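Letter by letter, the chains look like this.
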Amino acid sequence: MCDRVWQWANCPAMVGCDSCDFWVHCACDEPARTVMEAQERGDEVDYHCPRCRVKADEEEDKRREKEVKSAEKAAAKRAKLERDWGAEVYDCFGMTECSMMGAESEMRDGFHIWTDLAYIEVLDEETFKPVDEGEPGVLVMTPLFSNNGAAFLRWNSGDIVT
């Protein structure tokens, strides 16, 4: 329950946290008030208490920090390979279930998918409907050329891509 003490006669409405089942007075937390108003209109809205929001923010910060460190390591490895080999290094992408699916070009403007080798879809993780260009989603692929031993039709790789 909320840390604030209320007398029963004037106790305001409360909203339960969807993450930890902690109950918060709508008068104590603006997002709780917004959720209560949405629920009164019949809208389905998730609510996370202040403690869970802080925890989620900390987890997101750690994830972003890990992404940055990973990108820095990849850039350092690329530079070392180019220096040691005296050649330009390009990223490419593939998986055992399909073979190679794409690579970056000399422009280094992202991956170019080889549509003659694989049919690639980027779908919403929950609805499995296509996402807009540049939005993150789960990679679903169908090999068109390789892997003749087992059919992978619209195989959900579990990878989140943009």
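Just so it is clear, the structure is predicted and the values come from calculations on it, not from any experiment. Throughout, a residue's number is its position along its own chain's written sequence, starting from 1. Two thresholds apply to this predicted model, a pLDDT of at least 70 for residue-level local features and 80 or more for giving and counting side-chain atom pairs, whereas whole-chain, interface and lining totals are computed over all residues. For side-chain calculations, the full set of non-hydrogen atoms in the structure is used, while hydrogens and water are omitted.

Asker: Pulling in residues and values, what's your account of the overall build of the protein?
Answerer: Of regular secondary structure, the protein possesses 2 helices and 8 strands. Note on conventions: DSSP H or I runs of at least 4 residues are helices, E runs of at least 2 residues are strands, and numbering of each starts at the N terminus. From first element to last, N terminus to C terminus, the protein shows the α and β order β-β-α-α-β-β-β-β-β-β. Each radius of gyration reported is based on C-alpha atoms, and the globular scaling rule is 2.2 Å times the count of residues to the power 0.38. Since a compact globule built from 162 residues should have a radius of gyration of about 15 Å, the 24 Å found for the protein marks it as more spread out than a globular shape. Along the first, second and third principal axes, the C-alpha atoms of the protein reach 75 × 40 × 25 Å.

Asker: Help me get a handle on the pattern of salt bridges, residues and values and all.
Answerer: By definition, a salt bridge exists where a carboxyl oxygen of Asp or Glu is found within 4 Å of a side-chain nitrogen of Lys or Arg. Under the definition given, this model contains 12 salt bridges. A salt bridge links Asp 29 to Arg 53; its shortest N-O distance comes to 2.8 Å. Placement of Asp 29 in the loop between strand 2 (23–25) and helix 1 (30–40) and of Arg 53 in helix 2 (residues 50–85) is noted, with a sequence separation of 24 residues between them. Type-normalised accessible area, obtained with a 1.4 Å probe on protein chains alone, sets the label of each residue: buried when under 20%, exposed when over 50%, and partly exposed for intermediate values. When its relative accessible area of 8% is taken as the criterion, Asp 29 is described as buried.

Asker: Mind laying out the packing of aromatic side chains, listing which residues take part and the relevant values?
Answerer: Only centres within 6.5 Å qualify two rings of Phe, Tyr or Trp (six-membered ring in Trp) as a pair; their planes then separate them into stacked at under 30 degrees, edge-to-face at over 60, and tilted for everything else. Under the definition given, this model contains 2 aromatic pairs. Geometrically, the ring pair formed by Phe 93 and Phe 111 is tilted, given 6.2 Å between the ring centres and 55 degrees between the ring planes. Placement of Phe 93 in strand 3 (residues 92–95) and of Phe 111 in strand 5 (residues 111–113) is noted, with a sequence separation of 18 residues between them. Measuring from ring centre to ring centre gives 5.6 Å for Phe 152 and Trp 155, while their planes differ by 75 degrees; the resulting arrangement is edge-to-face. Classification of Phe 152 by relative accessible area gives partly exposed; the value is 22%.

Asker: Requested: an account of the sheet that holds strand 6 (residues 118–123), with residues and values cited.
Answerer: A pair of strands is considered paired only if DSSP assigns at least 2 bridges between the two. Here we have 3 strands laid out as an open sheet, ordered 6-7-8, and antiparallel in their pairing. In the strand order of this sheet, the two ends are held by strand 6 and strand 8 (155–161), each with one partner. Adjacent strand axes in the sheet meet at a mean angle of 30 degrees when their direction is disregarded. In this analysis an axis means a line fitted to C-alpha atoms, helices contributing only their contacting stretch, and an angle means the value between N-to-C directions, from 0 to 180 degrees.

Asker: Please give an account of the confidence of the model for the protein that cites residues and values.
Answerer: Confidence scores labelled pLDDT are given residue by residue by the predictor and lie between 0 and 100. Summing up the model confidence of the protein, the mean pLDDT is 84 and the portion of residues at 70 or higher is 92%. Averaged pLDDT values over the elements of the protein bottom out at 81 in strand 2 and peak at 93 in strand 6.

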